[in-house]
Amino acid sequence: MRDRMNVYFPPELLKQISDLADRKNLSRSAIVEAAVASFLSPDGADRREAAFTRRLDRLSRQMQRLERDVGLTAETLALFIRFWLTVTPPLPNDAQAAAQLKGRERFEGFVEALGRRLQKGQSFLREIPEEIVGQDPVGEAD
């Protein structure tokens, strides 16, 4: 048995209900009944919470990967700069023009190689296992 209830909706909401009822080939009462049942359902809040939890977990994992990648990139750059400054002697003035030309050629080759790697979906950061990045460097503590 069903009891009758009169409710009032704003015209725009009633239009949405009517449009949905037409699309789903249901009565407006069935649409409103399903909406109210969903709203009152005790597991409705649990489903929303589970969806939010899944989304937050995914965002947390993405943030952890981003933090790992940024830290690894910064350390890689710092190590390269330290190494380069340590092993590269200063050039005499008469050799600088030729070195700059050669440097531009080598940089263009580097950019092309980088472009090919990225087009193939390869990433240096993905080649480094999590276990290695997660280890504390020898002699350093938090």
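See above for the structure.
Residues numbered from 1 in each chain as written. Predicted model: local features only at pLDDT ≥ 70, side-chain atom pairs only at ≥ 80, totals over all residues. Heavy atoms only, no water.

### A few points about the pattern of salt bridges
Then step 1. Tallied over the entire structure, the rule returns 4 salt bridges.
Then step 2. Here Asp 19 makes a salt bridge to Lys 15, at a shortest N to O gap of 3.1 Å. Of the two residues, Asp 19 and Lys 15 are both situated in helix α1 (residues 11-24); the distance of 4 residues between them amounts to about one turn of the helix.
Then step 3. Classification of Asp 19 by relative accessible area gives partly exposed; the value is 30%. (Salt bridge = Lys/Arg side-chain N within 4 Å of Asp/Glu carboxyl O. Helix = DSSP H or I, 4+ residues; strand = E, 2+ residues; numbered from the N terminus. Buried < 20%, exposed > 50% of the residue type's maximum accessible area, 1.4 Å probe, protein only.)

### As for unusual backbone geometry
Then step 1. Although it is not a glycine, Asn 25 adopts a positive phi angle of roughly 60 degrees.
Then step 2. Overall, Asn 25 belongs to the exposed group, its relative accessible area being 70%.

### Points about a nonpolar patch on the surface
Then step 1. Together, Met 5, Val 7, Phe 9, Leu 13 and Leu 14 give the surface a local cluster of nonpolar side chains, amounting to about 450 Å² of exposed area.
Then step 2. Secondary-structure assignment places Val 7 in the segment before α1.
Then step 3. For Val 7, a relative accessible area of 44% gives the class partly exposed. (Patch = residues over 30% accessible without salt bridge, like charges linked within 9 Å, V, L, I, M, F, W, Y side chains within 5 Å. Areas by Shrake-Rupley, 256 points an atom, 1.4 Å probe, with all protein chains shown as cover.)

### Digging into a positive patch on the surface
Then step 1. The grouping of Arg 54, Arg 55, Arg 58, Arg 61 and Arg 65 at the surface amounts to a positive patch.
Then step 2. Relative to the helices and strands, Arg 58 is located in helix α3 (residues 42-87).
Then step 3. The class for Arg 58 is partly exposed, based on a relative accessible area of 42%. (Lys, Arg positive; Asp, Glu negative; His and termini not counted. Charge placed at Lys NZ, Arg CZ, Asp CG, Glu CD.)

### So, the side chain of Asp 69
Then step 1. Structurally, Asp 69 can be placed in helix α3.
Then step 2. Beyond its immediate stretch of four places on either side in the chain, Asp 69 contacts Leu 125 and Arg 126. (Contact = heavy atoms within 4.5 Å.)

### Quick look at α1
Then step 1. With 14 residues, α1 extends 20 Å between its outermost C-alpha atoms, agreeing within 8% with the 20 Å of an ideal straight helix rising 1.5 Å per residue.
Then step 2. Along α1, the residues classified as buried are Ile 17, Ser 18 and Ala 21. Projected onto a plane normal to the axis of α1, the buried residues spread over an arc of 95 degrees and lie on a single side. Relative to its buried face, α1 has exposed residues pointing more than 90 degrees away, namely Glu 12, Lys 15, Gln 16, Asp 22 and Arg 23.
Then step 3. Residues of α1 that are buried sit in contact with α2 (28-40).
Then step 4. Directly beyond the C-terminal end of α1, a positive phi value near 60 degrees is found at Asn 25. (Expected span 1.5 Å × (residues − 1). Arc of directions from axis to C-beta.)

### A word on the packing of aromatic side chains
Then step 1. Inspection of the entire model under this criterion finds 1 aromatic pair.
Then step 2. Taking the centre distance of 6.1 Å and the plane angle of 35 degrees together, the rings of Phe 107 and Phe 110 count as tilted. Separated by 3 residues within a single helix, Phe 107 and Phe 110 lie in helix α4 (residues 96-119), roughly one turn from each other.
Then step 3. Taking the relative accessible area as the measure of exposure, Phe 110 reaches 49% and is therefore partly exposed. (Phe/Tyr/Trp six-rings, centres within 6.5 Å; stacked < 30°, edge-to-face > 60°.)

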